[in-house]
Amino acid sequence: MNTHMKIFPPQSVPKINNLLLIGAGLIGGSLTLALKQAGAVRHVIGSGRSAAVMDEAIQLGIVDAAVMADSAEFIQAVRTADLIVLAMPVGQTRAVCEKIAPHLQPDTVITDVGSTKTSVYQDAHAALGDKINQFVLAHPIAGRELNGPAAALADLYVNKRVMICPHADNRPADIDTVAALWQATGALVYELSLAAHDEIFAAVSHLPHVLAYALMNHVADSDLSNDKFAMAGAGFRDFTRIAAASPEMWRDVCLANKSAIVAEMDAYLQHAQQLRDAIVAQDEDEILEQFKKASEKRLAWGKEQ
Ligand SMILES: O=C(O)C(=O)C[C@]1(C(=O)O)C=C[C@@H](O)C=C1
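Bear in mind the structure is a predicted one, so any value in this text is a computation, not a measurement. (Residues numbered from 1 in each chain as written. Predicted model: local features only at pLDDT ≥ 70, side-chain atom pairs only at ≥ 80, totals over all residues. Heavy atoms only, no water.)

Is there a simple way to explain the site of the ligand in this structure?
Taken together, 13 residues surround the ligand, and among them S115, H139, S205, H209 and R241 come closest. Contacts to the ligand include S115, whose side-chain N or O atom sits 2.6 Å from an oxygen atom. In the environment of the ligand, an oxygen atom lies 2.6 Å from a nitrogen or oxygen atom belonging to the side chain of S205. Here the ligand loses 83% of its free accessible area of 370 Å² to cover by the protein chains. Among the secondary structure elements, those contributing two or more residues to the shell around the ligand are β7 (135–140) and α7 (194–220). In terms of residue class, the shell around the ligand is built from five nonpolar, five polar and three charged. Summarising the domain contributions, the shell around the ligand has at least three residues from each of domain 1 (14–193) and domain 2 (198–304). (Near = heavy atom within 4 Å. Polar contact = N/O pair within 3.5 Å; in protein donor to acceptor, adjacent residues only side chain to side chain. Areas by Shrake-Rupley, 256 points an atom, 1.4 Å probe, with all protein chains shown as cover. Helix = DSSP H or I, 4+ residues; strand = E, 2+ residues; numbered from the N terminus. Nonpolar A, V, L, I, M, F, W, Y, C, P; charged D, E, K, R; others polar. Domains from an automatic or database assignment.)

What exactly am I supposed to notice about the packing of aromatic side chains here?
Two aromatic rings, taken as a pair, are described by how far apart their centres are and by the angle between their planes. Applying the stated criterion across every chain yields a total of two aromatic pairs. Measuring from ring centre to ring centre gives 4.8 Å for Y157 and W182, while their planes differ by 90 degrees; the resulting arrangement is edge-to-face. Of this pair, Y157 sits in the loop between β7 and β8 (161–165) while W182 is found in helix α6 (residues 172–184), placing the two residues 25 residues apart along the sequence. As far as burial versus exposure is concerned, Y157 and W182 are alike and both buried. A cation over an aromatic ring shows up here: K6 above the ring of F8, its NZ or CZ 5.9 Å from the ring centre. (Phe/Tyr/Trp six-rings, centres within 6.5 Å; stacked < 30°, edge-to-face > 60°. Buried < 20%, exposed > 50% of the residue type's maximum accessible area, 1.4 Å probe, protein only. Lys NZ or Arg CZ within 6 Å of the ring centre and 35° of its normal.)

Where do I start with the UniProt feature "domain: Prephenate/arogenate dehydrogenase" (unreviewed entry) in the protein in this structure?
Here, UniProt's "domain: Prephenate/arogenate dehydrogenase" (unreviewed entry) annotation points to residues 17–305. Helix makes up 54% of residues 17–305 and strand 14%, whereas the separation of the span's terminal C-alpha atoms amounts to 35 Å. (UniProt positions renumbered as here; feature names shortened; annotations may be inferred.)

I would appreciate a short explanation of empty space enclosed by the protein in the present structure.
Over the atoms a probe the size of a water molecule is rolled, and this reveals where empty space is left. Using the criterion set out here, one finds one cavity of 30 Å³ or more in the structure. Put simply, the largest cavity is a space of about 40 Å³. Taken together, the residues of the lining of the largest cavity sort by class into six nonpolar, two polar and one charged. (1 Å grid on protein atoms, 1.4 Å probe; cavity = no way out; pocket = protein on both sides within 12 Å on 5 of 7 lines; lining within 4 Å. Points joined across faces, edges and corners; volume = space filled by probe spheres on them.)

Spelled out as structure tokens, the structure:
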């Protein structure tokens, strides 16, 4: 597959008057903190499922005010928003877009931060119909293993990559607005097709999360698990860091990008099986060859980051 990944040239800081943030957790919260710090946004209204989380988001300066999801204030916030950012787990995309659709004004831009892009496009299209032209799909390649507003950081996106995945109906000016917003956070913004996005991140983000969850459960369910956890060192900590990430978010990612993730798991299991075979056979050349190849790749990749 030729991914045609291209970087957006730097643009000046945009000025957003009214931003509606749906889901004020780590990713959405870090975005609005960064945009406020850059002077790119004037007023942020937050909306979410939990009043306690929204209160926390107000206290942390992530949002200026909060509205509950099904309220008259929510409808008013949709009507007056210049930009709507969807930052809840991807499985809620269709339901949230159905709530937004009847009130969406033609000049409002919608964007998202989801880890899968084909599913978000399909779910948003089903709910928005022709208004899908107002939706610019985006995905910041940054995160932490912590969740919620308290985990948000104004500098989370500095020097991180953000993928924008345009679709045929997008308005070029909207794509530029979303690219400029992410650039205002300090991020490097790239353009990538939906299909390439989901294939690439199945391998380098979704698979590692599945493996981390599986390793954690494997050790937890094994004999001497308490002793193993008590004595584990940095190798185990580095490998499993992301197993503390939001279970709901990652459940939704796995459901949404099923075929690509299953294909990556199958191919990975073959590599693991090859190593197992070599260890069982005590094939020292084969083991060394596989480890050397991986080590060289990891060292070279590490230098590029
Ligand atoms: O560093 C982390 O903790 C992350 O969760 C980052 C990470 C990733 O897998 O690289 C996780 C999910 C996002 O969609 C993008 C980035």
